[in-house]
Amino acid sequence: MKMLGVILLMMTTAAAAHAAVTLADWGKLPDGSTVTIYTLKSPKVEVRVMTFGARVVSIKTPDKNGKMADVVLGYDNLQGYIKDNKTYFGVVPGRYANRVANGKFSLDGKEYQLSVNEGTNTLHGGKEGFDRRNWKDKEVPGGVEFTLVSPDADQGFPGTLTAHVRYTLQGDRIAIHYSATTDKPTVVNLTNHAYFNLSGAGSGTILDEKLTIYSDKMTPVDSKLIPTGELKPVAGTPFDFTKPETIGARINGDDEQLKLGRGYDHNWVLNGKMGTLHPAARVYDPASGRVLTEETTEPGVQFYTGNFLDGSFSGPNGKYDFRTGLCLETQHYPDSPNHPTFPSTELKPGQTYSSETTWTFTVEK
Ligand code: GLA
């Protein structure tokens, strides 16, 4: 009897820990399909995600005085997202997040030509990447699972890829789980492209926020932002975030890599073990006291300081200007299909791609 009581108590506690989930129609895309928006609400955090691009729309968290603000860049209506095909706010880029050089790679002796959309590169999966698709949705405990079937030859990628992205919220922690299967050998690299501003979206730059990246090496790039293949120690360079550093402190320094990226737009090689959750990054905002802790099973993280934001898009709280948001895109390294020395992004029939990233929101007084 006593045992049953304990079990029941454990079950109710577990159930209570799941966020409350509600859903609503959020409008229609030009193709007539309906976009559904989900709200996940815990006592600490409120997250909204939608089917268009499987994207994060807003994340409201308290500051050190308990005042709530949205800490990711975005829009308050679907039209804003339809018009903006440049920033990738909150999306799940795919089938290959970040760049593939010349939009080309070979698999089993066959060369594939992808849709090219950034000079000679394929960026975030090509012209009609996963960010422009209206994913299918299914409510799950504490969250939602989005599904997309990407047909064989979609944007030039081989194989029918069935991808799932599951967002769940428990307390102050958002978990994003990605999985995918294929019917022909292919490559896959999924992430989330949320732009954080811990002082609140639209409140100014992210240059005063303090960052830690749990990494001793990064992958330097060429003038097209394609990795050269080198794994370069960060020690003694502006890329050393092994201890908390103010993001703006060295960003305009005389450094070739910073010039090529117009700031930070690089992949760091994480110290933790790929395949198990390990620390990726931590951001602390002295103004609000908000802290974001990111963990991942991925081997890398792209730290991007919003260097392409130029004020041409605005959200409910103001313009999205140069460096007013930062991304911490957990991933396999850019252009891995063309770098046999990098961890492989190949997925074969019968295998399941599986990846997880978590964001935890706390405050420090
Ligand atoms: C990634 C890239 C950046 C930029 C953004 C989208 O973070 O690395 O160079 O393309 O996506 O603007």
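Overview of the layout of surface pockets
Within this model, the largest pocket holds a volume of roughly 460 Å³. Forming the boundary of the largest pocket are 27 residues, of which Lys86, Thr87, Tyr88, Leu123 and His124 lie nearest the centre.

Overview of the environment of leucine 23
Within the fold, leucine 23 resides in strand E1 (residues 20–28). As for leucine 23 and glutamine 79, which are separated by 56 residues in sequence, their C-alpha atoms are 19 Å apart. Discounting chain neighbours no more than four positions away, the residues touching leucine 23 are Thr36, Ile37, Tyr38 and Glu139.

Quick word on the environment of lysine 319
Structurally, the position occupied by lysine 319 is in strand E24 (residues 318–319). On a C-alpha basis, the gap between lysine 319 and alanine 201 in space is 9.2 Å, while along the polypeptide they are 118 residues apart. Sequence-distant contacts of lysine 319, defined by excluding residues within four places in its chain, comprise Gly311, Phe313 and Ser314.

Some words on the pattern of salt bridges
Applying the stated criterion across every chain, the model contains 7 salt bridges. A salt bridge links aspartate 310 to lysine 86; its shortest N-O distance comes to 3.5 Å. Taken as a pair, aspartate 310 in the loop between strand E22 (300–304) and strand E23 (314–315) and lysine 86 in the loop between helix H2 (78–83) and strand E6 (99–100) lie far apart in primary sequence, 224 residues in all. Relative accessible area serves as the criterion here: at 46%, aspartate 310 is assigned to the partly exposed category. Among the ionic pairs, glutamate 118 bridges to arginine 99, the shortest N-O distance being 2.7 Å. Of this pair, glutamate 118 sits in the loop between strand E8 (110–113) and strand E9 (122–123) while arginine 99 sits in strand E6; the two residues are 19 residues apart in sequence, bridging distant segments of the chain.

Let's talk about empty space enclosed by the protein
Counted according to the given criterion, the structure contains 1 cavity of 30 Å³ or more. Along its surface, the largest cavity is lined by Asn98, Arg99, Thr219, Val221, Leu225, Pro227, Asp265, His266, Asn267, Gln302 and Pro334. Looking at the lining of the largest cavity, the element that brings in the most residues is strand E19 (residues 265–270), giving 3 residues. Across the lining of the largest cavity, the residue classes tally to 4 nonpolar, 5 polar and 2 charged.

Topic: the sheet that holds strand E15 (residues 210–213)
An order of E10-E11-E12-E13-E27-E21-E20-E15-E18 is seen for the 9 strands of this open sheet, with the pairing classed as antiparallel. At either margin of the open sheet sits one strand with a lone partner, and together these are strand E10 (136–140) and strand E18 (245–246). Here strand E12 (residues 161–170) runs beside strand E13 (residues 173–182); their pairing, made up of 10 bridges, is antiparallel. Among the inter-strand pairings, threonine 168 is bridged to a residue of E13, identified as alanine 175.

The rules we used
Residues numbered from 1 in each chain as written. Predicted model: local features only at pLDDT ≥ 70, side-chain atom pairs only at ≥ 80, totals over all residues. Heavy atoms only, no water. 1 Å grid on protein atoms, 1.4 Å probe; cavity = no way out; pocket = protein on both sides within 12 Å on 5 of 7 lines; lining within 4 Å. Points joined across faces, edges and corners; volume = space filled by probe spheres on them. Helix = DSSP H or I, 4+ residues; strand = E, 2+ residues; numbered from the N terminus. Contact = heavy atoms within 4.5 Å. Salt bridge = Lys/Arg side-chain N within 4 Å of Asp/Glu carboxyl O. Buried < 20%, exposed > 50% of the residue type's maximum accessible area, 1.4 Å probe, protein only. Nonpolar A, V, L, I, M, F, W, Y, C, P; charged D, E, K, R; others polar. Pairing = 2+ DSSP bridges.

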